[in-house]
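# Observations on the model geometry
Residue-level listing of the chains:
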Amino acid sequence: MNRGKTSCQFVSLSFIVALLSTLLMSGCASVSAFHAENQFLTLPLVPGWFEGKRVWYLTTDISDESMAKQANINFVARLANALPPDPPVPGKPSSIDRIYKFMNFDQGSVLPSIPQPLGGGNGNANYSPLWQLYAVYWLPDQTPHELHSEQEVLAAQDQNLIQIKPLRIIVNCPVVKVENSLLPGTRLP
């Protein structure tokens, strides 16, 4: 009798292990639930701007080898395959979006979209963590100042204050913090 009970418990435990494995592989459960609470991974957050709001994102992968080495991130040549034949158009959904990186002035990049809200409830169909780099250069006779939105970047271009050059480089930069809001399940030290 005890043997049958043990067998039944073993089957139940096997079933639970199989179920959890399936959930983990499908992304329906978090691996962190199986780790001790004091195990963390520290990743550098990169500051940027979206519509006047401070945002932070992770930069993990890029399609340019020299930039990958310089930034200590993954070089992923295949990301270049995400480049469409025509550049992304501001406001038009695509699998990639623009990110404006300032080349001759020290300021955070400007993002044209973010998840709203952060996490599984994101309803912003325009957001993608895959960005095509757009290099922004302040023209020599202009006084650089921070720009905090895509609208400000495009207006500065229209006023001949800056030059924008699309680069054939794709970078993976998921947004994880917007002002005081964090991606669910994350925490700051």
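So, here's what we can say about the structure. Computed from a predicted structure; not experimentally measured. (Residues numbered from 1 in each chain as written. Predicted model: local features only at pLDDT ≥ 70, side-chain atom pairs only at ≥ 80, totals over all residues. Heavy atoms only, no water.)

## Thoughts on the side chain of Ser-63
The condition is simple: Helix and strand assignments come from DSSP, with helices taken as H or I runs of at least 4 residues and strands as E runs of at least 2, each series counted from the N terminus. Under the scheme applied here, a residue whose accessible area is under 20% of the maximum for its type counts as buried, over 50% as exposed, and between as partly exposed, the area being computed with a 1.4 Å probe on protein chains only. Counting of polar contacts relies on pairs of N or O atoms within 3.5 Å, with two restrictions inside protein: one atom must be capable of donating a hydrogen and the other of accepting it, and residues adjacent in sequence are counted only when both atoms are side-chain atoms. Residues count as neighbours in contact if any of their non-hydrogen atoms are within 4.5 Å of one another.
Positionally, Ser-63 belongs in the loop between strand 3 (61-62) and helix 2 (65-71). On the basis of relative accessibility, which here comes to 13%, the residue Ser-63 falls in the buried class. Polar side-chain contacts of Ser-63 include one of 2.8 Å to the backbone nitrogen of Ile-170. Setting aside chain neighbours within four positions, we find Ser-63 in contact with Phe-75, Val-76, Ala-77, Leu-79, Ala-80, Arg-168, Ile-169 and Ile-170.

## Some points on the pattern of salt bridges
Put simply, the rule is: We define a salt bridge as a side-chain nitrogen of Lys or Arg found within 4 Å of a carboxyl oxygen belonging to Asp or Glu.
A complete count under the given rule lists 1 salt bridge for this structure. Of the charged contacts in the structure, one is a salt bridge between Glu-65 and Lys-69, with a shortest N-O distance of 3.6 Å. Within this pair, Glu-65 and its partner Lys-69 are both found in helix 2, separated by 4 residues, close to a single helical turn.

## Topic: the nonpolar core
Selection rule: Joining through side-chain atoms within 4.5 Å is the link that ties buried Ala, Val, Leu, Ile, Met, Phe, Trp, Tyr and Cys residues into a set, and such a set is a nonpolar core.
Counting 20 residues, the largest nonpolar core has Ile-62, Ile-99, Leu-111, Trp-131, Leu-133, Val-171 and Val-175 as the members making the most contacts within it. When residues of this core are traced back to their parent elements, those giving at least two are strand 2 (53-57), strand 7 (130-138), strand 8 (162-172) and strand 9 (175-178). Discounting residues that sit within four places of it in the chain, Ile-62 has contacts with Met-67, Ala-68, Ile-73, Asn-74, Phe-75, Val-76, Leu-79, Leu-133, Ile-169, Ile-170 and Val-171.

## Overview of the environment of Gly-119
Considering the arrangement of structural elements, one finds Gly-119 in the loop between strand 6 (109-110) and strand 7. Under the relative-accessibility criterion, Gly-119 is labelled partly exposed at 25%. When the C-alpha atoms of Gly-119 and Val-176 are compared, they prove to be 8.5 Å apart, with 57 residues separating the residues in sequence. In this view, Gly-119 contacts Leu-183 and Pro-184; residues no more than four positions away in its chain are not counted.

## A closer look at the layout of surface pockets
The following threshold applies: Definitions used throughout: a 1 Å grid over protein atoms alone; a cavity as a set of points that fits a 1.4 Å probe which cannot get out; a pocket as an open set with protein on both sides within 12 Å along at least five of seven lines; a lining residue as one with an atom within 4 Å of a point. Grid points are joined across faces, edges and corners, and a volume is the space filled by probe spheres set on the points. Gly counts as polar in this scheme, as do all residues outside two lists: the nonpolar Ala, Val, Leu, Ile, Met, Phe, Trp, Tyr, Cys and Pro, and the charged Asp, Glu, Lys and Arg.
Computed from the structure, the second largest pocket encloses a volume of approximately 640 Å³. What lines the second largest pocket is a set of 26 residues, and nearest its centre among them are Val-46, Thr-59, Ala-71, Ile-73 and Lys-101. Breaking the lining of the second largest pocket down by element, the ones donating at least two residues are strand 1 (46-50), helix 2 and strand 5 (97-102). Among the residues making up the lining of the second largest pocket, the classes are represented as 16 nonpolar, 8 polar and 2 charged.

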